[in-house]
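Structure assessment
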Amino acid sequence: MKRKRRIPQFTKKMQIKLLWLFASVLLVLVLLNVRIAYINIKSGDTYTRQVLSQNQYDSQTIPYRRGEIRDRNGNVLARSEKVYNLILDCYQVNADEDYLDPTVEALVSVMGEDETELRTLITSEETKESRYQILQRSLTEEQKEAWEEYTAVDESMSDEEIQEKSNIEGVWFEEDYIREYPMDTLASNVIGYSNSNDEGFSGLEAYYSDVLNGTNGREYGYLNDDSELERTVIEPEHGNTLITTIDVNIQQIVEKYIAQFDKEHADGPNESANGKGSKTTAVIVADPNSGEILAMATNHSYDLNNPQDLSQYYTQEEISAMTQEEMSAALNDMWYNFCVSEAFEPGSTFKPVTVGAALESGSIVDGDTFYCDGYE
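The present account deals with the structure reproduced in this document. Every value quoted in this text rests on a predicted model; they were computed, and no experiment measured them.

1. Notes on the nonpolar core
Ile69, Ile191, Leu310 and Met334 are the most contacted members of the largest nonpolar core, which has 26 residues in total. Put simply, the parts of the chain that give this core at least two residues each are strand E3 (76-88), helix H7 (188-191) and helix H12 (324-335). At four residues, the largest contribution of residues to this core is made by H12. Setting aside residues no more than four positions away along its own chain, Ile191 makes contact with Ile69, Leu77, Ala78, Tyr181, Leu186, Ser202, Gly203, Leu204, Glu205 and Leu304. Counting residues in hydrophobic clusters, the runner-up holds 20 residues, among them Leu86, Tyr99, Ile122 and Trp147.

Printed below as a string of structure tokens:
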């Protein structure tokens, strides 16, 4: 005979045990949620600031380099030179009391910082948790190397010296670029200038700003599974180089004779000339075969490395007495490029050029006559 299979019984005792287990797990989850809610209400803002601060510290912008401007022969008229900003992480310095004195001493002795101001910055309520304080701008590679040499640990050092060097924390260098004009005033009205934000204000710097500018890169830091800091770098895209038709040699000759003319006729009867040979002297040299501009200059040049300097046109007393509107008008007058911003009809002085071109091309021959109706 076939025996019946015994069906397991889910007894009441087993049901009670399962119910208690389910209730216990549910209670733990409820308590956990209550705890999370309590932490979020009481300290949520604090932790949020810490996370955001850490993100800022571990995510850095890598600036692009604005493109160069060159003449037709490759001579550099404008370029961007790499410099460094000295950054202080007050939060990191305050993370351990042993970090303060060695870090301050190093910044004072190597970078020339004021000790009192530095300690105030690190300990002040407003800045003690800051992770980004710019101490100095536009430092050279040599200055950066001097810091690295001072803070480097050497085997020949004593344990005390090594410990002191290791306690220098919260200092790093941020890459940046500054715009330089190697030839100062040469072709200033043509080149124009750009500010520290790579915004072109006049001339080629403004017109071709989109071409000269690039795209910033980014460096991200994160902790891996072993709690080690790893970094991902997105390299910046640097700006393009602009090759102009300007010839530096011809440009220098043109500006030389404009300056000579101003000097020889500075005492002329034209009061509006402001001590120059004329109110406006403008010269354009072009290649007649292609129309390319080889030189362009006026008698209102300025120092591209210091475009706000009016001292060559006004005394210090006159500058100090200027209102904001008068200052703006004076600067705009100095930056103004008459050659491209004004219309000027050459008139009869250009007729020989027209006749010469017609003769050379064979359009007319010697002896041809034409009736001039006075307006065509």
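2. A few points about unusual backbone geometry
Where the residue is not glycine, phi is negative for most of them; where a peptide bond is considered, it is trans in most cases. Backbone geometry places Ser138, a non-glycine residue, at a positive phi of 55°. Tracing the chain through its elements places Ser138 in strand E4 (residues 133-139). Non-glycine residue Asp184 carries a positive phi angle of around 55°. With respect to the helices and strands, the residue Asp184 is situated in the loop between strand E5 (171-180) and H7.

3. Let's talk about the packing of helix H3 (residues 97-111) against helix H4 (residues 115-123)
Any two packed helices are characterised by the angle at which their axes cross and by the distance between the axes. In the contact formed by H3 and H4, the axes pass within 10 Å of each other and the chain directions differ by 140°. On the basis of their axis angle, the class for H3 and H4 is oblique. The two elements H3 and H4 meet at a crossing, and its hand is right-handed. Residues Leu100, Asp101, Val104, Leu107 and Val108 of H3 touch H4, and the partners they reach there are Glu115, Leu118, Arg119 and Ile122. The class makeup of the residues in the contact of H3 with H4 is six nonpolar, no polar and three charged.

4. Looking at the packing of aromatic side chains
In the structure shown here, the tally under the stated rule is four aromatic pairs. Note on Tyr132 and Trp172: the rings are 6.2 Å apart at their centroids and 55° apart in plane angle, and the pair reads as tilted. Of the two residues, Tyr132 sits in the loop between H4 and E4 while Trp172 sits in strand E5, which places them 40 residues apart along the sequence. Ring plane angle 55° and centroid distance 5.3 Å describe the contact between Tyr193 and Trp335, whose orientation is recorded as tilted. Of the two residues, Tyr193 sits in the loop between H7 and helix H8 (203-207) while Trp335 sits in helix H12, which places them 142 residues apart along the sequence. The structure contains a cluster of three or more aromatic residues connected by ring pairs, namely Tyr193, Phe201 and Trp335. Over the ring of Tyr150 we find Lys165, and its NZ or CZ is 3.7 Å from the ring centre.

5. Considering a nonpolar patch on the surface
Taken together, the side chains of Leu18, Leu21, Val25, Leu29, Leu32 and Ile36 present a nonpolar region at the surface, about 560 Å² in accessible area. Summarising the element assignment, Ile36 is placed in helix H1 (residues 12-58). Residue class for Ile36 comes out partly exposed when judged on its relative accessible area of 47%.

6. Let's talk about the packing of H3 against helix H5 (residues 141-151)
Closest axis-to-axis distance for the H3/H5 pair is 10 Å, and the angle between their directions is 135°. By the angle between their directions, the pair H3 and H5 is classed as oblique. The interaxial crossing formed by H3 with H5 has right-handed handedness. Side by side, H3 and H5 meet where Glu105, Ala106, Leu107, Ser109, Val110 and Met111 of the first sit next to Gln143, Ala146, Trp147 and Tyr150 of the second. Of the residues assigned to the contact of H3 with H5, the class counts are seven nonpolar, two polar and one charged.

Criteria and thresholds
Residues numbered from 1 in each chain as written. Predicted model: local features only at pLDDT ≥ 70, side-chain atom pairs only at ≥ 80, totals over all residues. Heavy atoms only, no water. Core = buried A, V, L, I, M, F, W, Y, C linked by side-chain atoms within 4.5 Å. Buried < 20%, exposed > 50% of the residue type's maximum accessible area, 1.4 Å probe, protein only. Helix = DSSP H or I, 4+ residues; strand = E, 2+ residues; numbered from the N terminus. Contact = heavy atoms within 4.5 Å. Axes fitted to C-alpha atoms, helices over the stretch in contact; angles between N-to-C directions. Parallel < 35°, antiparallel > 145°, perpendicular 65-115°, else oblique. Left-handed = near helix turned anticlockwise from the far one by under 90°. Nonpolar A, V, L, I, M, F, W, Y, C, P; charged D, E, K, R; others polar. Phe/Tyr/Trp six-rings, centres within 6.5 Å; stacked < 30°, edge-to-face > 60°. Lys NZ or Arg CZ within 6 Å of the ring centre and 35° of its normal. Patch = residues over 30% accessible without salt bridge, like charges linked within 9 Å, V, L, I, M, F, W, Y side chains within 5 Å. Areas by Shrake-Rupley, 256 points an atom, 1.4 Å probe, with all protein chains shown as cover. Salt bridge = Lys/Arg side-chain N within 4 Å of Asp/Glu carboxyl O.

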